[in-house]
Each structure stands twice: as C-alpha cells, then as structure tokens.
Amino acid sequence: MSNDSPATRFMVVIAAFIIIVSGMRASEAILIPFLLSLFIAVICSSPLAWMKHRGIPNALSLLIIIFVIMVVWLVFAAVVGSSVNDFRDDFPLYKERLQFLTHEVRTYLDAHGIEIPSDVWQDILDPSKALSFVGNMLSSIGNVMADAFFIILTVIFILAEEVRFSDKVRVAINSGTGTDAIKEFVTSINRYMAIKAALSLLTGGLVIIWLSILGVDFPVMWGMVAFMLNFIPNLGSILAAVPAVLLAVIQLSTGEAMLTALGYIVINVVVGNVMEPRIMGRGLDLSTLVVFLSLVFWGWVLGPIGMLLSVPLTMTLKIALESFEDTRWIAVFLGSGKDVASELSLRD
C-alpha cells in the first residue's frame, strides 16, 4: 500500500472505520459490559496503587477494592432498581401534569401572537421527552446490572493483571521512549478518571442534599444522574438539570424550579469551573464540538450507556494521541485550543 495514492489510503481508512463501527454496534451486548468493567477498573487503579505504595500486600489491596466495589454495586443496584420502578409508576401522573402546563404555555403564546405548529412542538419542544430520556437511561443501566457478575469478575482480572502490568511493559518494550510514553499514558488516564470520579461524586452528593432540602421527588436518583452525566463536560450539567427542574415545576412550583436550577448552576460552577481546573490542571480539555460529536457518536453506537462513556472514551483517545509525538497533532485538534496561543508565542 506504500505506492497507493493518498486518496486510496484515505478510502481504505474510511472503509476500515465503517467496518469497526459496524462491528461495535453488532457486539453491543458484549462491548458495553466490557467497557464498563474497564471504566470501573481504571477508577479503582488509583486507590490500588496508593495502597501498594503504602506497603499493603497486593492480595489484601485487591480484596479491599473488590469488597468496596461489591458494596457500591449493591447500593447502586438497589437505588437504581427502586428509583426506576417508582419513577415508572409516577411517570403517567407527571406526564399528565406536564401536558397541562405545556397547554397553558402554548395558550399564553398563542394569545400574544406567537404560534408554534403542533408538529414542531411535539417533535422538538415537547418537555416530556426529557423525563422519558432519564427513564430510558436508567432502564438501560438497570439492564446492564443483569451482567453484574461478568462485570465484577472482569474488573477483578483487570486489576489483578495491572499489578504486574508495568513490569511486563518494561520487558516487552526495549525502547525507553516507548516505555515512558505508555507509562505516561496510563498515569494520565488513571489520574483523570480518579479526579473526575471524585468530583462527580461530590456533584451528585451536593445535588442530593439540595433537592432534599427543596423537597423534589427522587433526590437520590437525580444525584445519581448528576454523578453519571458529570463525566460529560459542558453538556452533562445541562442534561442532568433539565429533568430535575421540570419535575420541580410539575411537583412544586415555578419558584422551587428556579431554586432547583440555581442550585445546579452554583454546584456546577463551584465544582466544574473552580475546583476541577485547579485540581486537574490543564492539558486534558476537549473542544465543545468534540464533546457534542462524541456524545452523538457513542450514543448512536452503544445507546444511553455509550453517551455516559462518550467523553471518557474520547478523553482516553486524546491522552493516547498526546503521549506520542507522531499523533500529537490530532490531539491538538481534539482540544479546546486554550493553550494554542501560548504555544505559538513560544515558537515565535
């Protein structure tokens, strides 16, 4: 293929990409549990390394991590299961109330000369779709819970393999540069996922506290949604806030809904715009366009779970591209461009 034209090589790459994506969609049932296992293992690798650094034996460290995973998984499954069932039972009432409020809004707009076609309102402006989206997402997560044994078992094997992974890399790769690049890549991924998980947990906890104070139904469920969607920068906070604000309008009043929205804004500003940049630092940012496209792409390939994993998967790709000089230019295009001006000034 070395003598082929650039157009031919480009077409081969596109064809390979299409085949890979088609294979991923076809193997969704196996791929999603494996990606979740990898996602959980990466988050757990940092505390595992911390315990190893403190002199705790590898076997004991692994047992502690497994115990924590089991407890968190059981709590998560119980909360998701009860929340999904209760939400499904109450959803017809919420939808009926929301349709009544929607009718009042449309009547008010029509009275002031703002007419919106019914098909446009139903397809684009229907607020009940936001509540349906959350219900479908939680249902998908509940379905994944059926693979709990496979996921936890895979996590155990990944963590057990990670104990000797660095030694294997040093033996397999004689090049010091290649070893350093892989080590930097693994370290960056572990650091990013550990910090992001901790900040997402803080975001979800604050949401639970605020919604409990306001009296919004299912505060734990909305906190869990905020935790999961916080892995999606910029767009995740909006997606997490919309259904909770709508429920506050339906259940309570417009005033409580505004307080709900205000709480989400304050929490995301403090955690996402103040704490996260200081803790995480620069160099791990993504372009807003890339975030949106990754959300659409992975959601199309893997469904709602793919949307939750979209940014971690894209961030993993970006960090991998940054770790090697030959592919660093691709990572620059995936980034937000905040450091481009300073780098250009250094070159000049």
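Each chain has its residues counted from 1, running along the sequence as written. Reporting of local features is limited, given that this is a predicted model, to residues whose pLDDT is at least 70; pairs of side-chain atoms are given and counted only at 80 or more, and all residues count toward the totals for whole chains, interfaces and linings. Side-chain metrics in this entry use all non-hydrogen atoms of the structure; hydrogen atoms and water are not considered.

**Q** For this particular structure, what's the right way to read the overall build of the protein chain?
**A** Strands here mean DSSP runs of E at least two residues long; helices mean DSSP runs of H or I at least four residues long; both are numbered from the N terminus. Looking only at helices and strands, one finds 15 helices and 0 strands in the protein chain. Within the protein chain, counting contacts between residues at least 6 apart in sequence, those at least 24 apart form 74% of the total. Here the protein chain displays about 19600 Å² of accessible surface, and carbon together with sulfur accounts for 69% of that area. Should any heavy atoms of two residues lie within 4.5 Å, those residues are considered in contact. Areas reported as accessible are Shrake-Rupley estimates using a 1.4 Å probe. Residue values count occlusion only from the protein chains shown.

**Q** What is the right way to look at unusual backbone geometry in this model?
**A** Trans is the prevailing form of peptide bonds, just as negative phi is the prevailing case for residues other than glycine. Even without being a glycine, Phe218 presents a positive backbone phi close to 55 degrees. Mapped onto the fold, Phe218 is located in the loop between helix 8 (176–214) and helix 9 (219–229). Residue class for Phe218 comes out buried when judged on its relative accessible area of 16%. Burial status follows relative accessibility: with a 1.4 Å probe on protein chains alone, a residue under 20% of its type maximum counts as buried, one over 50% as exposed, and anything between as partly exposed.

**Q** Is there a simple way to explain the packing of helix 9 against helix 10 (residues 235–251) in this structure?
**A** What describes two packed helices is the angle between their axes and the distance between those same axes. The contact between helix 9 and helix 10 brings their axes to 8 Å, and the two run at 165 degrees. In terms of orientation, helix 9 and helix 10 fall into the roughly antiparallel class. The crossing of helix 9 and helix 10 is right-handed. Together, Trp222, Val225, Ala226 and Leu229 of helix 9 and Gly236, Leu239, Ala240, Pro243, Ala244 and Leu247 of helix 10 make up the contact between the two elements. In terms of residue class, the contact of helix 9 with helix 10 is built from 9 nonpolar, 1 polar and no charged. Geometry is summarised by axes, namely lines fitted to C-alpha atoms with helices restricted to the contacting stretch, and by angles between N-to-C directions that run from 0 to 180 degrees. In this scheme, roughly parallel covers angles under 35 degrees and roughly antiparallel covers those over 145, while 65 to 115 is roughly perpendicular and the rest are oblique. When the near helix sits turned anticlockwise from the far one by under a right angle, the crossing is termed left-handed; a clockwise turn instead gives a right-handed crossing. Under the scheme applied, nonpolar residues are Ala, Val, Leu, Ile, Met, Phe, Trp, Tyr, Cys and Pro; charged residues are Asp, Glu, Lys and Arg; polar residues are all the others, including Gly.

**Q** What should I look at first to understand helix 10 in this one?
**A** What sets the pattern is the α-helix's 3.6 residues per turn: residues three or four places apart point alike. When the terminal C-alpha atoms of helix 10 are compared, their 25 Å separation across 17 residues agrees well with the 24 Å that a helix rising 1.5 Å per residue should span. Taken as a whole, helix 10 has its buried residues at Gly236, Ala240, Ala241, Pro243, Ala244, Val245, Leu246, Leu247, Ala248 and Ile250. By this rule the span expected of a helix is its residue count minus one, scaled by 1.5 Å.

**Q** What's the story with the environment of Leu309 in this structure? I'm lost.
**A** Tracing the sequence through the fold places Leu309 in helix 13 (residues 304–322). What makes Leu309 buried here is its relative accessible area of 5%. Taking the C-alpha atoms as reference points, Leu309 and Ser294, 15 residues apart in sequence, are found 9.4 Å from one another. Setting aside anything within four residues of it in sequence, one finds Leu309 in contact with Leu35, Leu36 and Phe39.

**Q** Whenever I open this one, the packing of helix 2 (residues 28–53) against helix 13 confuses me. Can you help?
**A** Put simply, helix 2 and helix 13 touch, their axes get as near as 11 Å, and they point 45 degrees apart. Taken as axis vectors, helix 2 and helix 13 run oblique relative to one another. Judged by the twist between their axes, the crossing of helix 2 over helix 13 is left-handed. On the side of helix 2, the interface is formed by Ile32, Leu35, Leu36 and Phe39, while helix 13 contributes Ile305, Leu309, Pro312 and Leu313. Counted by class, the contact of helix 2 with helix 13 contains 8 nonpolar, no polar and no charged residues.

**Q** Quick question: what am I supposed to make of the environment of Met193 here?
**A** Mapped onto the secondary structure, Met193 falls in helix 8. With a relative accessible area of 3%, Met193 lands in the buried category. In this structure, the C-alpha to C-alpha distance between Met193 and Phe39, residues 154 residues apart in sequence, is 8.4 Å. Every residue in contact with Met193, bar those within four places of it in the chain, is listed here: Phe39, Val42, Ile43, Phe231 and Pro312.

**Q** Mind showing me how you'd approach the packing of aromatic side chains here?
**A** The description of an aromatic ring pair uses the distance of the two centres, along with the angle that the planes make with each other. Aromatic contacts are taken between Phe, Tyr and Trp rings whose centres are within 6.5 Å, Trp giving its six-membered ring; a plane angle under 30 degrees counts as stacked, one over 60 as edge-to-face, and the others as tilted. Following the criterion strictly, the structure yields 1 aromatic pair and no others. With a centroid separation of 5.1 Å and 75 degrees between ring planes, the pair formed by Phe297 and Trp298 is classed as edge-to-face. For Trp298, a relative accessible area of 16% corresponds to the buried category. Against the face of Trp300 rests Arg25, its NZ or CZ located 4.3 Å from the ring centre. As a reminder, the over-ring test applies to NZ of lysine and CZ of arginine, requiring each to be within 6 Å of the ring centre and within 35 degrees of the ring normal.

**Q** Help me understand the environment of Ala241, please; the structure alone is not making it clear to me.
**A** Along the polypeptide, Ala241 turns up in helix 10. Put simply, Ala241 and Gly263 are 22 residues apart on the chain and 9.4 Å apart in space, counted from C-alpha to C-alpha.

**Q** Which parts of the structure should I look at to understand helix 9?
**A** Most of helix 9 sits inside the fold, with 9 of its 11 residues counted as buried. Within helix 9 the residues assigned to the buried category are Pro219, Met221, Trp222, Gly223, Met224, Val225, Ala226, Met228 and Leu229.

**Q** How should I be thinking about the side chain of Ser294 in this particular structure?
**A** Among the secondary structure elements, Ser294 is positioned in helix 12 (residues 288–302). In this structure, Ser294 is in contact with Gly299, Ser310, Val311 and Thr314, ignoring residues within four places of it in sequence.

**Q** In this structure, what is going on with a nonpolar patch on the surface? I would like to understand it.
**A** Exposure above 30% relative accessible area and the absence of a salt bridge qualify a residue for a patch, where like charges join within 9 Å and nonpolar side chains (Val, Leu, Ile, Met, Phe, Trp, Tyr) within 5 Å. Salt bridge, as used here: a side-chain nitrogen of Lys or Arg that lies within 4 Å of a carboxyl oxygen of Asp or Glu. A cluster of nonpolar side chains, contributed by Leu60, Leu63, Ile64, Phe67, Val68, Val71, Val72 and Val75, occupies part of the molecular surface with about 720 Å² of accessible area. Checked against the element boundaries, Ile64 lands in helix 3 (residues 58–111).

**Q** Would you mind showing me how to read the side chain of Ser61 here?
**A** Following the sequence through the fold, Ser61 ends up in helix 3. Every residue in contact with Ser61, bar those within four places of it in the chain, is listed here: Leu48, Met51, Lys52 and Ile56.

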